[in-house]
Amino acid sequence: MEGNANRMATRAARPRTSLRSAWVVGCIVGMLSSSACSLSEYPDDWPGRAWGLFSRKGGCPDLAGEYDGADEYLLSKLHGWMENGNLTDYVDHKLKITQADDGAWIRFEFAVDEKGLDTLEARKGGSVLQPYASTTWTLGRQYRCQNGGLFVNATYDTEFARDRSGALLAHWTRREKGSLRVGNTDIPTGTGVHNGWRRWAARDAARNDALKKRGHFMLGQAARKKDDDFARVHLTSFFSEPLCIRYVRRDASGTTSRTFLNSREADPARPQPWDCPAGWGGMDAGTMFDMEMRFPGQGRNLHRIEWFRLGEAPDQARYIEIRDARGLPVGGEQAPLRIGQASMRVN
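Everything quoted here is computed from the prediction, not taken from an experiment.

Undergrad: Mind laying out the overall build of the protein, listing which residues take part and the relevant values?
TA: The helix and strand tally for the protein stands at 5 helices and 22 strands. Considering only intrachain contacts with a sequence separation of at least 6, the fraction spanning at least 24 residues in the protein is 64%. As displayed, the protein has an accessible area near 18,300 Å², and 49% of this comes from carbon and sulfur atoms.

Undergrad: Explain the environment of Gly 166 to me, using residue names and the numbers behind them.
TA: Relative to the assigned elements, Gly 166 resides in the loop between β9 (158-163) and β10 (168-182). Judged by its relative accessible area of 12%, Gly 166 falls in the buried class. With residues up to four places along the chain from it excluded, the contact list for Gly 166 reads Tyr 67 and Ala 202.

Undergrad: How would you explain the sheet that holds strand β12 (residues 217-221) if you had to name every residue and give the values?
TA: Spatially, 4 strands are ordered β18-β13-β12-β21 in an open sheet, and the strand pairing comes out antiparallel. In this open sheet, the two strands that pair with only one neighbour each are β18 (288-294) and β21 (337-339). Between one strand axis and the next, the sheet turns through 25° on average, direction left out of account. When β12 meets strand β13 (residues 230-237), the two strands line up antiparallel, connected through 5 bridges. By the bridge assignment, Gln 221 is partnered in β13 with Val 233.

Undergrad: Tell me about helix α3 (residues 72-79), and please be specific about residues and values.
TA: Counting buried positions over the 8 residues of α3 gives 6, a clear majority of the element. Residues Glu 72, Leu 74, Leu 75, Ser 76, Lys 77 and Leu 78 constitute the buried set of α3. Capping the start of α3, Asp 71 holds a side-chain oxygen 3.1 Å from the backbone nitrogen of Tyr 73, two or three residues further along.

Undergrad: For the side chain of His 303, give the residues involved together with the corresponding values.
TA: Within the secondary structure, His 303 is located in strand β19 (residues 302-309). Taking relative accessible area as the criterion, His 303 reaches 0% and is therefore assigned buried. Here Arg 294 takes part through its backbone oxygen, which lies 3.1 Å from a polar atom of the side chain of His 303.

Undergrad: Requested: an account of the nonpolar core, with residues and values cited.
TA: Core analysis: the biggest nonpolar cluster contains 24 residues, and Leu 74, Leu 95, Phe 110, Phe 160 and Leu 168 have the highest contact counts within it. Looking at this core, the elements that each hand over two or more residues are β3 (65-70), α3, β4 (93-99), β5 (105-112), β7 (143-146), β8 (149-152) and β10. Within the second largest apolar cluster, 21 residues are counted, among which are Ile 245, Met 283, Phe 289 and Met 291.

Undergrad: A description of the sheet that holds β4 should follow, citing residues and the corresponding values.
TA: Overall, antiparallel pairing links the 4 strands, which are arranged β3-β4-β5-β6 in an open sheet. Strands at the two margins of the open sheet, each flanked by one partner only, are β3 and β6 (134-138). In this sheet, adjacent strand axes meet at a mean angle of 20° when their direction is disregarded. Here β4 runs beside β5; their pairing, made up of 7 bridges, is antiparallel. Counted as the bridge partner of Lys 96 is Glu 109 from β5. In the packing of α3 onto the sheet, contacts are made with β3, β4, β5 and β6, and the angle to β5 comes to roughly 160°.

Undergrad: How would you sum up the state of the cysteines? Please name residues and give values.
TA: According to the stated counting rule, one finds 2 disulfides in the structure shown. Here Cys 60 pairs with Cys 145 through a disulfide, and the sulfurs are 2.0 Å apart. Because the sign of the S-S torsion sets the handedness, a value of about 95° for the bond joining Cys 60 and Cys 145 places this disulfide among the right-handed ones. Here Cys 60, found in the loop between β2 (49-50) and β3, pairs with Cys 145, found in strand β7; they are 85 residues apart in sequence, far enough to count as distant. The pair formed by Cys 60 and Cys 145 is uniform in burial state, with each residue classed as buried. At a sulfur-sulfur separation of 2.1 Å, the disulfide partner of Cys 244 is Cys 276. Taking the torsion about the S-S bond as the criterion, the Cys 244 to Cys 276 disulfide, at about -90°, is left-handed. With Cys 244 in strand β14 (residues 243-251) and Cys 276 in the loop between β16 (264-265) and β17 (281-283), this pair connects stretches of sequence that are 32 residues apart.

Undergrad: Report on unusual backbone geometry, specifying residues and quantitative values.
TA: At Arg 123, a residue that is not glycine, the phi angle is positive and equals roughly 55°. Within the secondary structure, Arg 123 sits in the loop between α4 (114-121) and β6. Of note, the phi angle at Asn 147 is positive, near 55°, even though the residue is not glycine. Its place among the elements puts Asn 147 in the loop between β7 and β8.

Undergrad: Lay out the packing of aromatic side chains with the relevant residues and their values.
TA: Evaluated as defined, the whole model comprises 8 aromatic pairs. Residues Trp 46 and Trp 197 carry aromatic rings whose centres are separated by 6.4 Å and whose planes lie at 90° to one another, so their mutual orientation is edge-to-face. You can see Trp 46 sitting in the loop between α2 (34-37) and β2 and its partner Trp 197 sitting in strand β11 (residues 185-200), a full 151 residues away along the chain. Ring geometry for Trp 280 versus Phe 308: centroids 4.8 Å apart, planes at 70°, classification edge-to-face. Taken together, the residues span a long stretch of sequence, with Trp 280 in the loop between β16 and β17 and Phe 308 in strand β19 at a distance of 28 residues. Like Phe 308, Trp 280 is buried. Taken together, the ring pairs in this structure connect Tyr 42, Trp 46 and Trp 197 into an aromatic cluster.

Each value, and the rule that gives it
Residues numbered from 1 in each chain as written. Predicted model: local features only at pLDDT ≥ 70, side-chain atom pairs only at ≥ 80, totals over all residues. Heavy atoms only, no water. Helix = DSSP H or I, 4+ residues; strand = E, 2+ residues; numbered from the N terminus. Contact = heavy atoms within 4.5 Å. Areas by Shrake-Rupley, 256 points an atom, 1.4 Å probe, with all protein chains shown as cover. Buried < 20%, exposed > 50% of the residue type's maximum accessible area, 1.4 Å probe, protein only. Pairing = 2+ DSSP bridges. Axes fitted to C-alpha atoms, helices over the stretch in contact; angles between N-to-C directions. Polar contact = N/O pair within 3.5 Å; in protein donor to acceptor, adjacent residues only side chain to side chain. Core = buried A, V, L, I, M, F, W, Y, C linked by side-chain atoms within 4.5 Å. Disulfide = S-S within 2.5 Å. Phe/Tyr/Trp six-rings, centres within 6.5 Å; stacked < 30°, edge-to-face > 60°.

This is how it looks when you write it as structure tokens:
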């Protein structure tokens, strides 16, 4: 994975006293942290670690910025999941980190990046973070800062820092007792210290404008029986950020609007940055919604899908109007309609 690497190493004994002494003297002279002085097997082919003695936020490393290639492995390090567990396969996301100047809080915000959208459109597997992760942590509660690193207060202690290229680093240490099986007897072989490393490359924020312009929908209908008087219509989003959306149907009896039943709806009791206004539901990248659209009768049904980007106002909503769903391409037989970001009438 581009911008993402994983290194595991076992610390071996180093009997050379002169080498160890030189290491300690170098650490003292350089005023580096105690973690810098540990023999943590930092990968030789990576840029050096940026200690940032004069650019920290309070006692915490300055991690503010954007990073590429965030996936289940980054989440596992943030939340203390074991990598050898059954991790969900996520497509690539971009991660934006913001911090308080005094290090009192830190925020992680994820959105699908270019590679993630490519994977979703190609239907090559992988999930999207739902809801879009926007997590804020408080110093002392979810993390602590010491020795130039930010340590997660989770089951498996992980340290986050940056390297000199601006990439985000994760480092964790795990102690494991070894044994050798001889017949029916396990003979202890000592305790090994395993160091794990991962790295996520810094992202050029200038790419975000192009990513935002890339968003579009795919629209089509499922195969139907000849005597059906309705079509089951599928709408799929390929926007990197979440949308607020609703389905409005107009007929002779009036207007009916509803949010999609399987969408994320606003919860006043738990306000979140991705909540949509009342009457609107949230739609994530790669999400497909189904709508049952009746064919035009005497009342001339008009089906309208209204949407706007999270962060915009409802009066900025754009729409997709469909008068007769029978005119939509049929899945498995025709390619779905690709609909851009401007309002449009399909038929």
